[in-house]
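# Close look at the chain arrangement
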Amino acid sequence: MNPWIFGGALFFLGGVLLVSDFERAAAKDIAEQLQGGQKKVQVSANFPGILSPVIGEIGTATINASNFETMGLPLYTESWRSKSGTIETLKINLKDFVLSGLHCQSLTASIPNCRFDFPLAKRSKKMRLSQSGTGSATVVLSLSDIESFVKKKFPELKEVHIRTDYDWVELTGKGQFLILSANYLVKAKLKTDGDRLYLDQATVRLDGKEPDPTSRELLLKTLNPVIDFPKDLDLLDAVKAEKIEIQKDSIVIQGKVKIPNLQVLN
């Protein structure tokens, strides 16, 4: 056999083994950050060229995970690490998971221009991202899950029921607001400023009547923001919401996403 052909075959085989190493190592690293006995994590990768696995050049890396719980995102970048490994596009598909106490139906994201520590991956079979681009994401939340989250976040609300009316949301229930105990109704637009979801243009009723300005302000202050991404979900600067779509039984949030940088505590 021509020695160049034999050597080329071994070189290619080494690349194929590295592909498998990348997928296993990445899945293991992510799974270790997640809780839940039924969690599922799978990572797949494709490569733009025959030599790409050998030089740390990944076309698309796809993370699929479901049935897990996590406090904040399970992925971080470590900016001090080598950036010699490249990922053209990082795709993330998460289903049926709990993020910092909020159950989410799904999250899909596509993030370009990511980098990872390729020497570490070769040496220790560990995957560590060192840079993230900014991509797009879509999150789907059911109304029942938002109800549960709001009730936990605001103990003043003894009962919470949420329904949609075209592009409006309506919250009803019973609450204890300082010394005032009352049935409440709030019908409002759900808006975002990037970091938060909040109620705007609200109509408020307490025990079926229009409240005085102080009571109205107290109720809206209690409910806003409905969700604060950095504070409530430990997302740091990972998410910037841009658009909210109100559906019959769910809320769809679209926006920008990146993998946040790991905060080093000295």
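Residues numbered from 1 in each chain as written. Predicted model: local features only at pLDDT ≥ 70, side-chain atom pairs only at ≥ 80, totals over all residues. Heavy atoms only, no water.

Scanning the chain for helices and strands turns up 6 helices and 13 strands. Taken against the 2.2 N^0.38 rule, which gives 18 Å for 266 residues, the C-alpha radius of gyration of the chain at 23 Å runs more than 25% over that of a compact globule. Overall, the chain is about 90 × 40 × 30 Å in size when its C-alpha atoms are taken along their principal axes. Pairs at least 24 apart in sequence give 59% of the contacts found in the chain among residues at least 6 apart. Summing over all exposed atoms, the chain offers an accessible surface of approximately 14,200 Å²; the carbon and sulfur share of this is 54%. Counting 34 positive and 31 negative side-chain charges, the chain places the centres of these two groups 4 Å from one another. (Helix = DSSP H or I, 4+ residues; strand = E, 2+ residues; numbered from the N terminus. Rg over C-alpha atoms; globule rule 2.2 N^0.38 Å. Contact = heavy atoms within 4.5 Å. Areas by Shrake-Rupley, 256 points an atom, 1.4 Å probe, with all protein chains shown as cover. Lys, Arg positive; Asp, Glu negative; His and termini not counted. Charge placed at Lys NZ, Arg CZ, Asp CG, Glu CD.)

This part takes up the sheet that holds strand β9 (residues 180-192). Sheet strands pair by backbone hydrogen bonding; their relative direction is either parallel or antiparallel. Across the sheet, which stays open at both edges, the 5 strands sit in the order β7-β8-β9-β10-β11 with antiparallel pairing between neighbours. Edge positions in the sheet fall to β7 (161-165) and β11 (227-228), since each has one partner strand and no second. Each of β8 (168-177), β9 and β10 (196-206) touches helix α5 (residues 213-223); the most contacted strand, β10, lies at about 145° to it. (Pairing = 2+ DSSP bridges. Axes fitted to C-alpha atoms, helices over the stretch in contact; angles between N-to-C directions.)

Attention now goes to the nonpolar core. L90, I92 and V186 are the most contacted members of the largest nonpolar core, which totals 72 residues. The element that contributes the greatest number of residues to this core is strand β4 (residues 102-116), accounting for 7 residues. Among residues more than four places away in sequence, those in contact with L90 are A61, I63, A109, S110, I111, C114, L129 and I259. (Core = buried A, V, L, I, M, F, W, Y, C linked by side-chain atoms within 4.5 Å. Buried < 20%, exposed > 50% of the residue type's maximum accessible area, 1.4 Å probe, protein only.)

What follows is about α5. Every buried residue of α5 is accounted for by S215, L219, L220, T222 and L223. For α5, the angular spread of the buried residues around the axis is 155°, confining them to a single face. Residues of α5 that are exposed and point more than 90 degrees away from the buried face comprise P213, T214, E217 and K221. In this structure, the buried residues of α5 make contact with β8, β9 and β10. Capping the start of α5, D212 holds a side-chain oxygen 3.0 Å from the backbone nitrogen of T214, two or three residues further along. (Arc of directions from axis to C-beta. Polar contact = N/O pair within 3.5 Å; in protein donor to acceptor, adjacent residues only side chain to side chain.)

Applying the stated rule across the entire model yields 12 salt bridges. Here R128 and D29 are joined by a salt bridge, their closest N and O atoms 2.6 Å apart. Taken together, the residues R128 in the loop between α3 (118-124) and β5 (129-131) and D29 in helix α1 (residues 3-31) connect sequence positions 99 residues apart. Given a relative accessible area of 23%, R128 falls into the partly exposed group. R163 is the salt-bridge partner of E170, the closest N and O atoms lying 3.0 Å from each other. With relative accessibility at 13%, the residue E170 sits in the buried group. Given the relative accessible area of 42%, R163 is considered partly exposed. Through salt bridges with shared partners, one network takes in E78, R81 and D117. (Salt bridge = Lys/Arg side-chain N within 4 Å of Asp/Glu carboxyl O.)

On average, residues of the chain carry a pLDDT of 88, and 91% of them reach 70 or more. When pLDDT is averaged over each element of the chain, strand β6 (residues 135-142) comes out on top at 98 and α1 at the bottom at 61. Taken as a whole, residues 1-14 scores under 50 in pLDDT and shows 4 contacts with residues more than four places along the chain or in a different chain. (pLDDT = per-residue confidence, 0-100.)

By the secondary structure assignment, L157 is in the loop between α4 (143-153) and β7. Overall, the relative accessible area of 2% leaves L157 in the buried class. Taking the C-alpha atoms as reference points, L157 and G49, separated by 108 residues in sequence, lie 57 Å from one another. L157 has contacts with V150, K151, K174, G175, F177, Y184 and L223, leaving out every residue within four places of it along the chain.

Attention now goes to the side chain of S66. Within the element layout of this structure, S66 appears in strand β2 (residues 57-70). Classification of S66 as buried rests on a relative accessible area of 16%. When near neighbours in sequence (up to four residues on either side) are disregarded, S66 contacts Q38, K39, K40, K95 and D96.

Across 13 bridges, strand β3 (residues 85-99) lies against β4 in antiparallel orientation. Along β4, the bridge assignment pairs T86 with R115. The pairing of β4 with β6 spans 5 bridges and is antiparallel. Bridged to L107 within β6 is V139. Sheet topology note: the β4/β5 ladder contains 2 bridges and is antiparallel. The residue bridging R115 from the neighbouring strand is Q131, located in β5.

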